[in-house]
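# An overview of the molecular structure
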Amino acid sequence: MQASKSRSSRRWLVGLLILLLVALLAWWLWPATPAHTEAGSGRMGKGGRPGFGASSDPVPVRVEPARVGDFPLYYKALGTVTATNTVNVRSRVGGELVKIHFKEGQQVKAGDLLAEIDPRSYRIALQQAEGTLAQNQAQLKNAQVDVARYRGLYAEDSIAKQTLDTAEAQVAQFQGLVKTNQAQVNDARLNLDFTQIRAPINGRVGLRQLDLGNLVAANDTTALVVITQTEPINVVFTLPETELSTVLERYRSGASLPVEAWDRSDSKLQSSGVLGSIDNQIDTTTGTLKFKGRFENKDLALFPNQFVNVRLLADTLKQVVMAPAAAIQFGNDGTFAYVINAENTVNVRKLKVGASDGENSVILEGLAAGDRLVLEGTDRLREGTKVDVVEDSSQVPTTPGQHLQGQDAKGAAQAAEAGKAGA
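Report follows, based on the coordinates. (Residues numbered from 1 in each chain as written. Predicted model: local features only at pLDDT ≥ 70, side-chain atom pairs only at ≥ 80, totals over all residues. Heavy atoms only, no water.)

## As for the nonpolar core
Counting 27 residues, the largest nonpolar core has Phe237, Leu239, Val247, Phe291 and Leu302 as its most contacted members. Counting residues per element, this core draws most heavily on strand E13 (residues 307-324), at six residues. Every residue in contact with leucine 302, bar those within four places of it in the chain, is listed here: Val81, Ile233, Val235, Ala261, Gln270, Ser271, Phe295, Asn297 and Val308. (Core = buried A, V, L, I, M, F, W, Y, C linked by side-chain atoms within 4.5 Å. Buried < 20%, exposed > 50% of the residue type's maximum accessible area, 1.4 Å probe, protein only. Helix = DSSP H or I, 4+ residues; strand = E, 2+ residues; numbered from the N terminus. Contact = heavy atoms within 4.5 Å.)

## Brief notes about the pairing of strand E17 (residues 352-356)
In terms of strand pairing, E17 meets strand E18 (residues 360-365) through three bridges, oriented antiparallel. The residue of E18 that forms the bridge with lysine 352 is glutamate 365. Two successive antiparallel strands, E17 and E18, enclose a turn made up of three residues, where glycine 358 displays a positive phi of approximately 95 degrees. (Pairing = 2+ DSSP bridges.)

## Topic: the environment of glutamate 130
Mapped onto the elements, glutamate 130 comes out in helix H2 (residues 120-155). Sequence spacing of glutamate 130 and arginine 189 is 59 residues, and the spatial spacing of their C-alpha atoms is 9.8 Å. Other than its neighbours up to four places away in sequence, glutamate 130 contacts Val185 and Arg189. Among the polar contacts made by the side chain of glutamate 130, one reaches the side chain of arginine 189 at a distance of 3.3 Å. (Polar contact = N/O pair within 3.5 Å; in protein donor to acceptor, adjacent residues only side chain to side chain.)

## Overview of the side chain of threonine 195
As for its position among the elements, threonine 195 is in the loop between helix H3 (161-194) and strand E6 (196-198). The exposure class assigned to threonine 195 is buried, which follows from its relative accessible area of 3%. A distance of 2.4 Å separates the side chain of threonine 195 from the backbone oxygen of leucine 192, its partner in a polar contact. Setting aside residues no more than four positions away along its own chain, threonine 195 makes contact with Val93, Ala115, Glu116, Ile117, Asp118, Pro119 and Tyr122.

## Notes on the pattern of salt bridges
Tallied over the full model, the rule gives ten salt bridges. Residue glutamate 376 is joined to arginine 62 by a salt bridge in which the shortest nitrogen-to-oxygen separation is 3.2 Å. Here glutamate 376 is found in strand E19 (residues 372-376), whereas its partner arginine 62 is found in strand E1 (residues 59-65), with 314 residues between them in sequence. Close ionic contact of arginine 311 with aspartate 266 constitutes a salt bridge, the shortest N to O distance being 3.1 Å. One end of the pair, arginine 311, is in strand E13; the other, aspartate 266, is in the loop between strand E10 (258-262) and strand E11 (269-278), with 45 residues separating them in the sequence. (Salt bridge = Lys/Arg side-chain N within 4 Å of Asp/Glu carboxyl O.)

## Let's talk about the sheet that holds E6
Overall, antiparallel pairing links the four strands, which are arranged E6-E5-E3-E8 in an open sheet. Looking at the sheet topology across the chains shown, the edges are occupied by E6 and strand E8 (215-216). Sheet topology places strand E3 (residues 95-100) next to strand E5 (residues 113-117); three bridges connect them, and they run antiparallel. Bridging across to E5, lysine 99 finds its partner in glutamate 116.

## Some words on helix H4 (residues 244-252)
Those residues of H4 that sit buried are Leu244, Val247 and Leu248. With its buried residues spanning 95 degrees around the axis, H4 presents them on a single face. Exposed and facing more than 90 degrees away from the buried side of H4 are Ser245 and Glu249. Looking at the buried residues of H4, the elements they touch are strand E2 (67-89), strand E9 (225-240), E11, strand E12 (288-295) and E13. Phi turns positive, to about 95 degrees, at glycine 254, one or two residues after H4. (Arc of directions from axis to C-beta.)

Below, the structure is given as structure tokens:
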């Protein structure tokens, strides 16, 4: 009987403890009132009890204002550097390569002597042609003297007309033969000139592909050397047909469109030029149009077949509203941004966005100059959320001597005066 009473008392005590724990847990988890003991006192509600549920603390954010300015509209593309002219230098006559007059990588001008083929056989051929020409010229001269004599005799009626006609025909025959001999002389002289291989264009020679002593044939498949004209030089790139209207409109108006060539990592400007020409048809397989930029390349920064990143300045949008690209958000309702009001609360603003360069975007609708936009800390924001601005670039000039405008300038001046007073 005594043991039964003891067990009953223990059950009653355990139940009471459980009830107290449940009551304590309910009190602990009950939502805290929004009132705080003091500003910045943490998450303690009335009576020092921690809050539960939605916190009323301001969300720390970084802010940057929208601004008005000129926006350069660049179109980016991948490009390949191509030489203005490329020539594979080959011999036009056959023979032994006996002299080379250039150094690999040398800059040459049109007409510079590059190499020589053994000319001896071609000199002999020229002498033979000249000898044949001289022989036939002598026979022509003799036939012409005969014709003059026969004409006098025929006038005196001393010879038949047939004799005079035969002599005149022989003169015409020798005249044709002399012309043929003269052409053979010219051909032999031209072949002799071809034994001296000269540069056909201005440019830079590449690596030599034939060495001294090699026998070369006329128009051989192996070139002696390749010459590329690199001043000026071209960059070929393509743009999608959706971006053509602005470019074509300005190009046809006669405007000079700047083109920039950046390195493979898109971090260093290699050279600057202008848009030179446009292809006459769109590639149906890719939906792109081919463009060619022209670069002076005086510093030889660009090489043929080099890969570059191209930036074409299609237009400059004057005095448009621009916002940092990092401040633009995307949701189910479209594009928007978090704008901070004067009370440091957030307002969700729907936007219509135009062109962008990756850092800034043109805002067609939804923002005005000076609107403060949230850059960082957006994941905890909702309409009306209280924020704590930890960094606001609109409060500090970005360059020495830059003046602040509107309320931002006034606030900065007040802060400066307060700092002086405190000092």
